[in-house]
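Working through the structure, step by step
For reference, the chains in residue letters:
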Amino acid sequence: MALQTSSRLFALLGHLQVRRTATGPELAALLGVGERTVRKDVERLRELGYPVEAVRGAAGGYRLGDHGRLPPLLLEADEAVAVAVGLGSVSAVRGIEEAGALALAKLEHVLPDRLWRRVRALTESTDVGPANTGTNVEAPPVDVALLADLATAIRDREGLRLFHRPGGGAEERLECDPYRLVSWQERWYVVVRIRPDGRWRALRADWLELRIPGAGRFSPEPLDGGDYAAFVLRDVAFSGWTVHCRIAVDAPAEEVLRRINPTVGVVETVDDEHCVLVTGADSVEMVAVWIGMLGLDFHVDEPPELVAHLRTLATRYAAAVPGG
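This write-up is about the structure you can find in this document. Bear in mind the structure is a predicted one, so any value in this text is a computation, not a measurement.

1. Some remarks on the pattern of salt bridges
Oppositely charged side chains are able to pair whenever their charged atoms sit close together. Enumeration over the complete set of coordinates arrives at 19 salt bridges. R201 serves as the salt-bridge partner of E172, at 3.2 Å between the closest nitrogen and oxygen. In this pair, E172 is assigned in strand β5 (residues 172-184) and R201 in strand β7 (residues 199-204), connecting sequence segments 29 residues apart. Judged by its relative accessible area of 18%, R201 is buried. Across the salt bridge formed by E255 and R258, the nearest N and O atoms sit 2.5 Å from each other. Here the residue E255 and the residue R258 both occupy positions in helix α9 (residues 253-259), the gap between them amounting to three residues, near one helical turn. Shared partners join several salt bridges into a network, and the residues in it are R165, E171, R173 and E209.

Structure follows, in C-alpha cells:
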C-alpha cells in the first residue's frame, strides 16, 4: 500500500540516509509507488532544501548531499556520544532493535568524521546485558566522555592506568588491557585483563578514574568464548554488588536455575538436594525481593544487615495476616 505524501517523503529520506546510492526502481519498490512518483518526491525534497543528487551510469540512482552525505550535524563530542549511548540502550528493548540500528546508521551520515569515529568506537565496543528486575537504588550518572575514552582505548588496543574505588571505598591503582564495554542495568562495566598477571575483571565505569598517560599498546588475547556480557554477570555476582551474600537453598541447583532470572546470580551445587545461590544487589531490599521470589526454603547467615532486614519482613508479613 502506498504511503501518504508526507509519510512517503519521510520514508524516502530515511532510505536515502542509510544507502550510499539507491536506484529509482529500488526506491519505488520500497515505497510501493511508481518511478514517476519517486522522481516527483525527489523534487519535493530538493525544494525543501535536502541535497538529493542524481547519479548517472549503470550504477546510478539517487544519493544525499556531497557523495551521499548530509551537511554535518552540529553536536559537541559528548552530545554525539550521549546520543549513541541512548540508541545503544534501545537494542535491549524488545521490538525496536531494528529502529535503533537504523537510527545509528542515519547518525553516521550527519556527523563529521572525527565525531563518528568516536561514536563508532563506542557502539562497536559495547555489549548490552540482559534485562533484570528493577532496583530501589538510583542509577549512577553516565560519564559519556569516560565511556568514549574507554571505547577508543579498546579500539586502539591501548592499555589503561586508572584509579578504581569500588563503592567509593579503598582505592586501587591498576594497569590493565581493556577488551569490551558492557551496559547492564543502567550501569556500565569495562572488561579488562589486569597487568601483569592477566586476570580478567569487570570494573564499574562510575568507580573509575583514568590516569594520563595510559599504559601502552597491547596484543589482544580475547576472553575464551567471547561472551563479555556473561562474564560481567558472573563477576558482578561475586564482587560487583554493594551487597553480597550466599543463600543456602533447600533444593537442587537445577530447580533454582529454573526459577531465577539468570542475571540474579550464580548457583553452586552442594548435593542432590541442596545448593548455594551467590547473589547480590545494590540494597538489602532488592536481595530480599529476589530470594523471596524463589518460592523455596532458604537460609541466610550473613551479611548482618540482610539478616536484620529479613527479620523485619518476617514480622511485618506475619502481622499482615489473621492470627499472625
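2. So, the environment of V33
Tracing the sequence through the fold places V33 in the loop between α2 (24-31) and α3 (35-47). For V33, a relative accessible area of 17% gives the class buried. When the C-alpha atoms of V33 and R8 are compared, they prove to be 9.5 Å apart, with 25 residues separating the residues in sequence.

3. A look at the packing of helix α1 (residues 5-17) against α2
Remark: α1 packs on α2, axes separated minimally by 11 Å, with the N-to-C direction vectors making an angle of 130 degrees. By the angle between their directions, the pair α1 and α2 is classed as oblique. Handedness of the crossing formed by α1 with α2: right-handed. In this structure, α1 uses R8, A11, L12, H15 and L16 to contact α2, whose residues at the interface are L27, L30 and L31. Split into classes, the residues belonging to the contact of α1 with α2 amount to six nonpolar, one polar and one charged.

4. With respect to the environment of A288
Checked against the element boundaries, A288 lands in helix α10 (residues 284-292). Under the relative-accessibility criterion, A288 is labelled buried at 10%. Separated by 19 residues in sequence, A288 and V307 place their C-alpha atoms 9.6 Å apart. Every residue in contact with A288, bar those within four places of it in the chain, is listed here: L306, H309, L310 and L313.

5. Here we look at a negative patch on the surface
Together, E254, D271, D272 and E273 give the surface a local cluster of negative charge. On the basis of relative accessible area, E273 is assigned to the partly exposed category, the value being 49%.

6. Concerning the environment of S219
As for its position among the elements, S219 is in the loop between β8 (208-217) and α8 (228-240). Through-space distance from the C-alpha of S219 to that of R157 is 7.1 Å; in sequence the pair is 62 residues apart.

7. Quick notes on the nonpolar core
A general tendency of soluble globular proteins is for nonpolar side chains to be buried together. Ranked by size, the top nonpolar core spans 32 residues in total, and within it L122 and L181 carry the most contacts. Broken down by secondary-structure element, the contributors of at least two residues to this core are α4 (77-90), α5 (97-110), α6 (113-124), α7 (144-156), β4 (158-164), β5 and β6 (187-194). Of all the elements, α7 adds the most residues to this core, at eight residues. The residues contacting L181, other than those within four sequence positions of it, are L122, S125, T126, D127, L147, L150, A151, I154, W188, Y189 and V190. C245, V249, L296 and L310 belong to the second largest nonpolar core, which has 25 residues in total.

Thresholds, definitions, all that
Residues numbered from 1 in each chain as written. Predicted model: local features only at pLDDT ≥ 70, side-chain atom pairs only at ≥ 80, totals over all residues. Heavy atoms only, no water. Salt bridge = Lys/Arg side-chain N within 4 Å of Asp/Glu carboxyl O. Helix = DSSP H or I, 4+ residues; strand = E, 2+ residues; numbered from the N terminus. Buried < 20%, exposed > 50% of the residue type's maximum accessible area, 1.4 Å probe, protein only. Axes fitted to C-alpha atoms, helices over the stretch in contact; angles between N-to-C directions. Parallel < 35°, antiparallel > 145°, perpendicular 65-115°, else oblique. Left-handed = near helix turned anticlockwise from the far one by under 90°. Contact = heavy atoms within 4.5 Å. Nonpolar A, V, L, I, M, F, W, Y, C, P; charged D, E, K, R; others polar. Patch = residues over 30% accessible without salt bridge, like charges linked within 9 Å, V, L, I, M, F, W, Y side chains within 5 Å. Areas by Shrake-Rupley, 256 points an atom, 1.4 Å probe, with all protein chains shown as cover. Lys, Arg positive; Asp, Glu negative; His and termini not counted. Charge placed at Lys NZ, Arg CZ, Asp CG, Glu CD. Core = buried A, V, L, I, M, F, W, Y, C linked by side-chain atoms within 4.5 Å.

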